[in-house]
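Residue strings, one per chain:
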Amino acid sequence: MKPLSVLYVDDEPELLEIGKMFLERGGDYSVTTCRSAGEAMERISGEAFDVIVSDYMMPECDGIRFLIYLREHGNETPFIIFTGKGREEVVIEAFENGADFYIQKGGDPRAQFAELSQKIRKAADLRRAEEARQESEEKYRVLVENANEVIMVIQDGRIQFCNPRMANLLGRQPIDLDGVPIARFIHPDDQELVMGRQRDRAAGLDVPSNY
């Protein structure tokens, strides 16, 4: 399996060296290091990474300002704040601005880099799962919107969704049908039967497949 590409940003060169060595030792990660957020921004402009790990306290631009810059420019790469500053307000600010994880430095280096390794893997896995979900939803959306069959979702007696084929049958645009009571399109003589079956079906009761 291809190693995860990690961008590790910290103004302490010794920590960068130790972190890179520890993470790459097992072959699971390929680590690129930068000593400032500015340097990292330049690197990101020409290269994609699976996960970004950044210190908080850095000269010129701290880790959260770096994170904000990325999010404002549409970069959604998983981001981990790895810092010695454990103040509650820093943690809150990090998560409010889109950080995926927050790890406090200190203690046994082996333990802290082991935790960092786990969080990197988890952040990457969560992002891949989200991308897979979005891709699946997009494929489903395209399938439904281009289907020749009429498709409609009704909840509490109102139209929540209908595909273009259904909307065309009703002589409307799909957006014009959002939230409209379905009874409006049923002949008055049939409303009681159809709506009763719709309620029974929603309740999980056995009803004829034909409304």
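Structural notes, computed from the coordinates. (Residues numbered from 1 in each chain as written. Predicted model: local features only at pLDDT ≥ 70, side-chain atom pairs only at ≥ 80, totals over all residues. Heavy atoms only, no water.)

**Regarding helix 2 (residues 37–44)**
Worth spelling out the cut-off: The buried label goes to any residue with under 20% of its type's maximum accessible area, the exposed label to any with over 50%, and the partly exposed label to all in between, with areas taken from a 1.4 Å probe on protein chains only. Only DSSP runs of H or I covering at least 4 residues are called helices, and only runs of E covering at least 2 are called strands; the numbering of each starts at the N terminus. For this quantity, the arc is that covered by the directions from the helix axis to the C-beta atoms. Note on contacts: a residue pair qualifies if any of its non-hydrogen atoms lie within 4.5 Å across the two residues.
The set of residues buried in helix 2 consists of Ala37, Ala40 and Ile44. On an axial view of helix 2, the arc spanned by its buried residues comes to 55 degrees, and they lie on one face. Each element contacted by the buried residues of helix 2 is listed here: strand 1 (4–9), strand 2 (29–34), strand 3 (51–54) and helix 3 (63–72).

**A short note on the nonpolar core**
Applied cut-off: What makes a nonpolar core is a set of buried Ala, Val, Leu, Ile, Met, Phe, Trp, Tyr and Cys residues whose side-chain atoms join them at distances within 4.5 Å.
Leu7, Phe66 and Ile81 are the most contacted members of the largest nonpolar core, which totals 22 residues. Of all the secondary structure elements, the ones that give two or more residues to this core are strand 1, helix 2, helix 3, strand 4 (79–83) and helix 4 (88–96). The element best represented in this core is helix 3, accounting for 5 residues. Those residues within four positions of phenylalanine 66 in sequence are excluded, and the remaining contacts are Val9, Ala37, Ala40, Met41, Ile44, Ile52, Ser54, Cys61 and Phe79. Counting 20 residues, the second largest nonpolar core, distinct from the first, contains Val51, Val53, Ile80 and Ala124.

**Here we look at the packing of helix 2 against helix 3**
Where we set the bar: With axes taken as lines fitted to C-alpha atoms, and helix axes fitted only over the stretch in contact, angles between N-to-C directions fall between 0 and 180 degrees. Under this scheme an angle from 65 to 115 degrees is roughly perpendicular, one under 35 degrees roughly parallel, and one over 145 degrees roughly antiparallel; angles in between are oblique. Left-handed describes a crossing whose near helix is turned anticlockwise from the far helix through less than a right angle; right-handed describes the clockwise counterpart. Three classes are used: nonpolar for Ala, Val, Leu, Ile, Met, Phe, Trp, Tyr, Cys and Pro, charged for Asp, Glu, Lys and Arg, and polar for all others, with Gly counted as polar.
In the contact formed by helix 2 and helix 3, the axes pass within 10 Å of each other and the chain directions differ by 25 degrees. With respect to their mutual orientation, helix 2 and helix 3 come out roughly parallel. Helix 2 and helix 3 meet at a crossing whose hand is right-handed. Contact with helix 2, carried on its side by Ala37, Ala40, Met41 and Ile44, involves Phe66, Tyr69 and Leu70 of helix 3 and no other residues of that element. For the contact of helix 2 with helix 3, the class distribution of residues is 7 nonpolar, no polar and no charged.

**As for the pairing of strand 7 (residues 158–162)**
Our working definition: A pair of strands is treated as paired once DSSP finds two or more bridges between them.
Strand direction decides the pairing type here: strand 6 (residues 152–155) and strand 7, joined by 4 bridges, are antiparallel. Each residue of the ladder has a partner; that of methionine 152, found in strand 7, is cysteine 162. The hairpin turn running from strand 6 into strand 7, its antiparallel successor, is 2 residues long, and aspartate 156 in that turn takes a positive phi close to 55 degrees.

**Observations concerning the sheet that holds strand 2**
In space, the 5 strands of this open sheet follow the order 2-1-3-4-5, with parallel pairing throughout. Strand pairing shows two members of the sheet lacking a second neighbour, strand 2 and strand 5 (101–104), which therefore form its edges. Neighbour-to-neighbour, the strand axes of this sheet turn through a mean angle of 20 degrees, independent of strand direction. With 6 bridges connecting them, strand 1 and strand 2 associate as parallel partners. Within strand 2, the residue paired with valine 9 across the bridge is cysteine 34. Packed onto the sheet, helix 3 meets strand 1, strand 3 and strand 4 and runs at close to 170 degrees relative to strand 4.

**Points about the pairing of strand 4**
Our working definition: Assignment of crossover handedness uses the view with strands pointing away from the viewer, where a clockwise path from the first strand over the helix to the second indicates a right-handed crossover.
The buried count for strand 4 comes to 5 of 5 residues, which makes it a mostly enclosed element. Alternating residues of strand 4 divide into Phe79, Ile81 and Thr83 and Ile80 and Phe82, and every residue in both groups is buried. Sheet topology note: the strand 3/strand 4 ladder contains 3 bridges and is parallel. Residue pairing for strand 4: isoleucine 52 is matched across the bridge by phenylalanine 79. Once the chain exits strand 3 it traverses helix 3 before rejoining the sheet at strand 4, and the crossover so formed is right-handed. Here strand 4 pairs with strand 5 via 4 bridges, running parallel. Its bridge partner lying in strand 5, isoleucine 80 is registered against phenylalanine 101.

**Describing the packing of aromatic side chains**
Within a pair of aromatic rings, the relevant descriptors are the distance that separates the centres and the angle that separates the planes. Convention followed: Ring pairs shown here join Phe, Tyr and Trp side chains whose ring centres sit within 6.5 Å, with only the six-membered ring taken for Trp; geometry is labelled stacked below 30 degrees between planes, edge-to-face above 60, and tilted in between. By definition, being over a ring means that NZ of Lys or CZ of Arg is both within 6 Å of the ring centre and within 35 degrees of the ring normal.
Scanning the model with the defined rule gives 4 aromatic pairs in all. The ring centre of phenylalanine 82 lies 5.7 Å from the NZ or CZ of lysine 105, which sits over that ring. Positioned above the aromatic ring of phenylalanine 101 is the side chain of lysine 119, whose terminal nitrogen or guanidinium carbon lies 5.7 Å from the ring centre.

**Digging into unusual backbone geometry**
Phi is positive for glutamate 60, close to 75 degrees, though the residue is something other than glycine. Relative to the helices and strands, glutamate 60 is located in the loop between strand 3 and helix 3. On the accessibility criterion, glutamate 60 (88% relative accessible area) is exposed. Even without being a glycine, aspartate 156 presents a positive backbone phi close to 55 degrees. Topologically, aspartate 156 is positioned in the loop between strand 6 and strand 7. Taking relative accessible area as the criterion, aspartate 156 reaches 75% and is therefore assigned exposed.

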